[in-house]
Amino acid sequence: MAAINDLPTELLLLIFNILYESCRDHVRPGYSVGKWNSDYLRNPSVFPLNTAWVCKFWRDVLMELPEYWTCIAFDVANDPTPLLNAFACSAANHGIHLLVFSSMSDRTEEGKRHENGRVESIVRHLRPHVEQYASIEFKVTFASSLPSPTLFLAREALYLDDLSLECQIHDVAHVGDNGKGARITRSLAPVMSGVAFMDILHLGDDWLATVKVGPYLTLYISDFQFQTMKPCPTDSSSTFDFMRLISALNPEGGIRLKNLSLSHRPHKRRDTEHLYDLYSSSISFDNVSMGFIMEFFQLATWSADYTTFSRCSIPPVSGSLSSYHLTIEHIPSCHTSHDDDSLYNIVSIWNNRGNLTVTSCASFDDKFLHWLGGEGEDGTIEAEGIMTLDVGDCTNFTAGALRRLIDNMNDPGKLELQELEGWIDGDRLEYVTVYGRAPALDDEDLEWFRSNGGETLIRWYVKGADGSEVPLEYRPASWG
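Being a predicted model, the structure only gives us computed values, none of them experimental.

Asks: Please set out the pattern of salt bridges residue by residue, giving values where relevant.
Replies: For the structure shown, the criterion picks out nine salt bridges. With a shortest N-O distance of 3.5 Å, Glu109 and Lys112 are connected by a salt bridge. Here Lys112 and Glu109 lie together in helix 6 (residues 109–126), a separation of three residues that amounts to about one turn. Taking the relative accessible area as the measure of exposure, Lys112 reaches 17% and is therefore buried. Put simply, Glu110 and Arg113 hold a salt bridge, and the shortest N to O gap is 2.6 Å. With a gap of three residues between them, Glu110 and Arg113 both fall in helix 6, about one helical turn apart. Judged by its relative accessible area of 40%, Glu110 is partly exposed. Each of Arg403, Glu444 and Asp445 takes part in a single network of salt bridges with overlapping partners.

Asks: Give me the lowdown on the packing of helix 14 (residues 399–409) against helix 16 (residues 443–450), citing residues and values where you can.
Replies: Contact geometry for helix 14 and helix 16: axes closest at 10 Å, N-to-C directions at 20°. When the interaxial angle is binned, helix 14 and helix 16 end up roughly parallel. Here helix 14 and helix 16 pass one another in a crossing that is left-handed. The residues of helix 16 that touch helix 14, namely those facing Ala399, Gly400, Arg403, Ile406 and Asp407, are Glu444, Asp445, Trp448 and Phe449. Of the residues assigned to the contact of helix 14 with helix 16, the class counts are four nonpolar, one polar and four charged.

Asks: Explain the pairing of strand 10 (residues 321–329) residue by residue, including any values.
Replies: Successive residues of a regular strand alternate their side chains across the two faces of the sheet. With eight bridges connecting them, strand 9 (residues 300–310) and strand 10 associate as parallel partners. Bridge assignment links Thr308 to a residue of strand 10, and that residue is Thr327. As defined by bridge partners, strand 10 adjoins strand 11 (residues 350–351) across two bridges and the pair is classed as parallel. Paired with Ser322 across the two strands is Asn351, which belongs to strand 11. Here strand 10 runs beside strand 12 (residues 355–359); their pairing, made up of five bridges, is parallel. Residue Thr327 lies in a different strand from strand 12, and its bridge partner there is Thr357.

Asks: Give a description of helix 16 that names residues and reports values.
Replies: Considered for burial, the residues of helix 16 that qualify are Asp445, Leu446, Trp448 and Phe449. Buried positions in helix 16, seen along its axis, are confined to an arc of 165° and lie on one side of it. Helix 16 presents Asp443, Glu444 and Arg450 as exposed residues on the side facing more than 90 degrees away from its buried surface. Looking at the buried positions of helix 16, the neighbouring elements they touch are helix 14, strand 15 (457–462) and strand 16 (472–474). At the N-terminal boundary of helix 16, the capping side chain belongs to Asp442, with an oxygen 3.1 Å from the backbone nitrogen of Glu444.

Asks: Got a sec to walk through the confidence of the model for the protein? Specific residues and values, please.
Replies: For the protein, the mean per-residue pLDDT works out to 80, and 78% of the residues sit at or above 70. Scored below 50 in pLDDT, residues 27–35 makes 21 contacts in the model with residues more than four places away or belonging to other chains. For the stretch residues 177–187, pLDDT sits under 50, and the model shows 47 contacts to residues farther than four places along the chain or on other chains.

Asks: Please provide a residue-by-residue account of a nonpolar patch on the surface, values included.
Replies: Judged by side-chain polarity, Leu11, Leu14 and Ile15 come together as a nonpolar surface patch covering roughly 250 Å² of accessible area. As for its position among the elements, Ile15 is in helix 1 (residues 9–23).

Asks: Can you tell me about the environment of Asp340, naming the residues and giving the values?
Replies: Counting through the fold element by element, Asp340 comes out in the loop between strand 10 and helix 12 (342–347). C-alpha of Asp340 to C-alpha of Ile314: the two residues are 26 residues apart in sequence and 8.6 Å apart in space.

Asks: Talk me through the nonpolar core; I want residue IDs and the actual numbers.
Replies: Within the largest apolar cluster, 131 residues are counted, with the highest numbers of intra-cluster contacts made by Phe138, Phe197, Phe242 and Phe309. With six residues, the single largest contributor to this core is helix 14. For Phe309, the contacting residues outside a window of four places in its chain are Phe285, Ile293, Phe297, Ile314, Leu321, Leu326, Thr327, Ile328, Glu329, Ile331 and Ile346.

Asks: So what about the environment of Thr9? Which residues, and what values?
Replies: Here Thr9 lies in helix 1. With 48 residues separating them in the primary sequence, Thr9 and Phe57 have C-alpha atoms 9.6 Å apart.

Asks: Before we move on, can you summarise the environment of Leu219 with the specific residues and values?
Replies: Topologically, Leu219 is positioned in strand 6 (residues 218–226). According to the relative accessible area criterion, Leu219 is buried, its value standing at 3%. A C-alpha to C-alpha distance of 9.2 Å links Leu219 and Glu252, two positions 33 residues apart in sequence. Every residue in contact with Leu219, bar those within four places of it in the chain, is listed here: Pro190, Phe197, Leu249, Pro251, Gly254, Ile255 and Arg256.

Asks: Tell me about the packing of helix 10 (residues 239–249) against helix 11 (residues 290–299), residues and numbers included.
Replies: One can describe the packing of helix 10 onto helix 11 by two numbers: an axis separation of 10 Å at closest approach and a directional angle of 55°. On the basis of the axis angle, helix 10 is oblique to helix 11. Seen along the crossing, helix 10 lies across helix 11 with a hand that is right-handed. Counted together, Thr239, Phe240, Phe242 and Met243 of helix 10 and Phe292, Glu295, Phe296 and Leu299 of helix 11 form the full contact between these two elements. Each residue belonging to the contact of helix 10 with helix 11 can be placed in one class, and the counts come to six nonpolar, one polar and one charged.

What counts and how
Residues numbered from 1 in each chain as written. Predicted model: local features only at pLDDT ≥ 70, side-chain atom pairs only at ≥ 80, totals over all residues. Heavy atoms only, no water. Salt bridge = Lys/Arg side-chain N within 4 Å of Asp/Glu carboxyl O. Helix = DSSP H or I, 4+ residues; strand = E, 2+ residues; numbered from the N terminus. Buried < 20%, exposed > 50% of the residue type's maximum accessible area, 1.4 Å probe, protein only. Axes fitted to C-alpha atoms, helices over the stretch in contact; angles between N-to-C directions. Parallel < 35°, antiparallel > 145°, perpendicular 65-115°, else oblique. Left-handed = near helix turned anticlockwise from the far one by under 90°. Contact = heavy atoms within 4.5 Å. Nonpolar A, V, L, I, M, F, W, Y, C, P; charged D, E, K, R; others polar. Pairing = 2+ DSSP bridges. Arc of directions from axis to C-beta. Polar contact = N/O pair within 3.5 Å; in protein donor to acceptor, adjacent residues only side chain to side chain. pLDDT = per-residue confidence, 0-100. Patch = residues over 30% accessible without salt bridge, like charges linked within 9 Å, V, L, I, M, F, W, Y side chains within 5 Å. Areas by Shrake-Rupley, 256 points an atom, 1.4 Å probe, with all protein chains shown as cover. Core = buried A, V, L, I, M, F, W, Y, C linked by side-chain atoms within 4.5 Å.

If you want it as structure tokens, here you go:
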């Protein structure tokens, strides 16, 4: 029987081609060949990586076949040296996918040293070929292992669509070494830990002033603690620098912020004028601190089509938020107190309203509904301009309080005043939807909804004790 090393090259080529064709089934739906699922690439049995590790002879044969190297994956739990020539081998390809990840559980200084060195070696071999890559993902354990994003953003990266620089342990204040360059020529959706994102500032003010960004740039930034609000010449870790960088990159496609906080008590600027007036199609805050939100809105006014606050308490903030769709969910995150003022604080600065969605919020209660409906101290109808109200998995309000809100919003005198003030027909509460866990309707509620003579369509999709859902829909009598 012949040994593996004795198989003729012609037979190996046939085997390799069959393996390559079989792995094409794992291309991401909607993408061209060569754009691979990252979770799939973590599998050590994926071709050509599995085959390249069999023996040096097979590896040498594969290195002469660049068409197979449309994706390259390194698990830095292992020494990457035998496969580093794959970068040079695939240099003629375009739109390559790179994944660098770590499966090792060693989080000691020794483990960090191994990961740092192995990632550094990979980056050194990648550097001359960055322009050939459509997707670059680093998902490692230590922030100190991450390359600087400047290596990728300051290049003529003609194919780069996805850039992900993520880590689990934030052991450094800034990352990598810095590249040189002048522009971002493609529309990206970079996913970065905060320490990697802030490192972009090391390109300097001239770069920020002249950077050109493709349309619909989307930013995903997570896990960072800001040291101060004011800019510091020796340390790029202030919320001011953060906002300056966002302003320069102009992420019109969206911005997602997760696990961001301050190491200090939030500052209040003496100058009440906002430094930036920014727009993005969407902005989301997920588990960010109250202090970060406070400084964020002190520094800039925001306009967004979609705005989401999730798992974070919202403090009183200055300025305003212009957004057609506002979603507030899982608030407050740190306790179950009904006295959390997050809903009041954000709705009171919300302009250009349209749709409000509230999900799993303990403070969505009768008191809040009365305030929305103008039953507060000054009689202002805070819900004015809200056309759609969706309420999911909120259990602390009553159907009676919601009915009063609908009555107030449909008051004929109020509607007439809206028309006199130039409000269009759509600027009234047109749809109310309640779903998930919520109060059941009693006979009085049912009769009220059936005879609803206002302008609001009401949908009540509440789950019963047995988990079943009986949808109820009440069309306004005026709709015919």
